[in-house]
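# Summary of structural features
The chain contents come next:
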Amino acid sequence: MAINLDEKNLKNGLLGLVVALVEIIQELLERQALRRIEGGSLSDAEVERLGQSLCELAESLEKIKKDNDIEDAVLSVRDGLDEAADELLEKFINPETWLDDREKEH
Amino acid sequence: MNPQRDSSLVEILDRLLNKGAIINADLIITVAGIPLIGLNLRAALASMETMLEYGIMEDWDKSSRELYASQETHLPLIPGEQVLYKAFGYIWQDEGIVKSWVPGIWNVTNERLILWVKTPGKAIFETPLPSLRIFRVPASHETRQELELVYPEGRARISLSERDEFEAALARATTETTAISV
């Protein structure tokens, strides 16, 4: 997997990488929050607070992306990571592809 | 907002957390056949909901939620007072050794203007609305907008990112106050 960082604009490339990682964590937290809420152990006030905080996090991430004009950079990093995750999953589901890969190398 | 896209990485991580993972590892690092460093790892990673299902970290979950609830403070209001507008902002403090912008939540009520700090829960600044006057001043920071407050006890420099809305809310609150007092 290659993550393309624009050499001329290393700052934006790096920021894009960081924001992409934070975005993944944020989406993961959102899913887990939903699961906790559905679990039913949280009080109404806690649900409200949790929702509010996650909304604020999502909004500020969008703002950071817009302000620094790194939407494309973030998208390309995330596509790269998703592709890598897909490949990994594919290998776990079909272990025989490992053999094919080895044969190709030889 | 953009439509939610399906990210396979997030999906995988989410499933991993929902299921939970246990790592048990023993490791010895040797040099020339002599064991030098030992590592004995027992780790469990799972979403809190899964942890609770297995009865792990129940007490911790409970106590950390209670701790937050006990720390949460609310703005003390006079009977009949209502918060009309809230915005994040700063006040310039130059008393003492450190001169700095102190952050908090600006609350415009129908009686007062208050800068409230949630933890530890205190009002850094408060003044009754009727005698308050505000002036626009040039900002010292590129992304901030500053205002100067003049009130009976003195002056204060404050800063907000939504200055126009703040001014409008103050104007509305002040007219409401005078309308009630008349």
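Please refer to the structure placed before this passage.
Here is a short report on the structure shown in this document. (Residues numbered from 1 in each chain as written. Chains lettered and ligands numbered in written order. Predicted model: local features only at pLDDT ≥ 70, side-chain atom pairs only at ≥ 80, totals over all residues.)

The subject of this paragraph is the overall build of chain B. When helices and strands are tallied, chain B shows 4 helices and 9 strands. Overall, chain B shows an N-to-C arrangement of helices and strands of α-β-β-α-α-β-β-β-β-β-β-β-α. Within chain B, the proportion of its 182 residues that are buried is 12%. Long-range contacts, defined here as pairs at least 24 residues apart, represent 42% of the contacts in chain B between residues at least 6 apart. (Helix = DSSP H or I, 4+ residues; strand = E, 2+ residues; numbered from the N terminus. Buried ≥ 20, exposed ≤ 12 C-beta atoms within 10 Å, placed from the backbone. Contact = placed C-beta atoms within 7 Å.)

Each helix and strand counted, chain A has 4 helices and 0 strands in total. Helices and strands in chain A line up, N terminus first, as α-α-α-α. Within chain A, the proportion of its 106 residues that are buried is 11%. Once local pairs closer than 6 in sequence are excluded, the contacts in chain A between residues at least 24 apart make up 72%.

This part covers the sheet that holds strand β3 (residues 83-93) of chain B. All names here are of chain B. The sheet built from 7 strands is open, its strands ordered β6-β5-β4-β3-β9-β8-β7 with antiparallel pairing. One side of each edge strand has no neighbouring strand; the edge strands of this open sheet are β6 (122-128) and β7 (133-137). For this sheet, the mean inter-axis angle between neighbouring strands, taken without regard to orientation, is 35°. Pairing analysis gives 3 bridges linking β3 to strand β9 (residues 154-160), with the strands arranged antiparallel. Residue Y90 lies in a different strand from β9, and its bridge partner there is S159. (Pairing = 2+ DSSP bridges. Axes fitted to C-alpha atoms, helices over the stretch in contact; angles between N-to-C directions.)

Here we take up helix α3 (residues 58-71) of chain B. For α3(B), which comprises 14 residues, the first-to-last C-alpha distance of 20 Å matches the rise-based estimate of 20 Å (1.5 Å per residue) to within 8%. Across the 14 residues of α3(B), 0 count as buried, placing the element largely on the outside. (Expected span 1.5 Å × (residues − 1).)

Right, let's talk about the packing of helix α1 (residues 10-39) of chain A against helix α2 (residues 44-68) of chain A for a bit. Geometry of a packed helix pair, given as the angle between the helix axes and the separation of the axes. Residue and element names in this part refer to chain A. Look at α1 against α2: their axes get within 11 Å of each other, and the N-to-C directions meet at 160°. Considering their axes alone, α1 and α2 lie roughly antiparallel with respect to each other. In this structure, α1 meets α2 at a crossing whose hand is left-handed. Of the residues in α2, those in contact with N12, L15, V19, V22, E23, Q26, L29, E30, A33 and I37 of α1 are V47, L50, L54, L57, A58, L61, I64, K65 and N68. Here the contact of α1 with α2 is built from residues that sort into 13 nonpolar, 3 polar and 3 charged. (Parallel < 35°, antiparallel > 145°, perpendicular 65-115°, else oblique. Left-handed = near helix turned anticlockwise from the far one by under 90°. Nonpolar A, V, L, I, M, F, W, Y, C, P; charged D, E, K, R; others polar.)

This next bit is on helix α1 (residues 8-19) of chain B. Here α1(B) contains 12 residues, and its C-alpha end-to-end distance of 16 Å stays within 8% of the 16 Å for a straight helix at 1.5 Å per residue. Those residues of α1(B) lying buried are B:L9, B:V10 and B:L17. The buried residues of α1(B) all sit within an arc of 95° when viewed along its axis, so they share a single face. Exposed and oriented more than 90 degrees from the buried face of α1(B) are B:R15 and B:K19. On its buried face, α1(B) is in contact with α1 and α3 (71-93) of chain A. Positive phi shows up at B:G20, right after α1(B), with a value of about 95°. (Arc of directions from axis to C-beta.)

Counting residues at the interface gives 16 residues for chain A and 13 residues for chain B. With 8 residues, the single largest contributor to the side of chain A that touches chain B is α1(A). Of the residues contributing to the side of chain A that touches chain B, the split by class is 5 nonpolar, 2 polar and 9 charged.

Once that is clear, we can look at unusual backbone geometry. In this structure, A:D69 takes a positive phi of about 55° despite not being glycine. For A:D69, the position within the fold is in the loop between α2 and α3. Although it is not a glycine, B:M57 adopts a positive phi angle of roughly 60°.

It is worth spelling out the pairing of strand β5 (residues 112-117) of chain B at this point. All names here are of chain B. The buried fraction of β5 amounts to 5 of the 6 residues, a majority that puts the element mostly inside the structure. Relative to β5, strand β4 (residues 100-109) runs antiparallel, the two being bridged by 4 bridges. The partner of W106 across the bridge, within β5, is L115. Between the end of β4 and the start of β5, which pair antiparallel, lie 2 residues.

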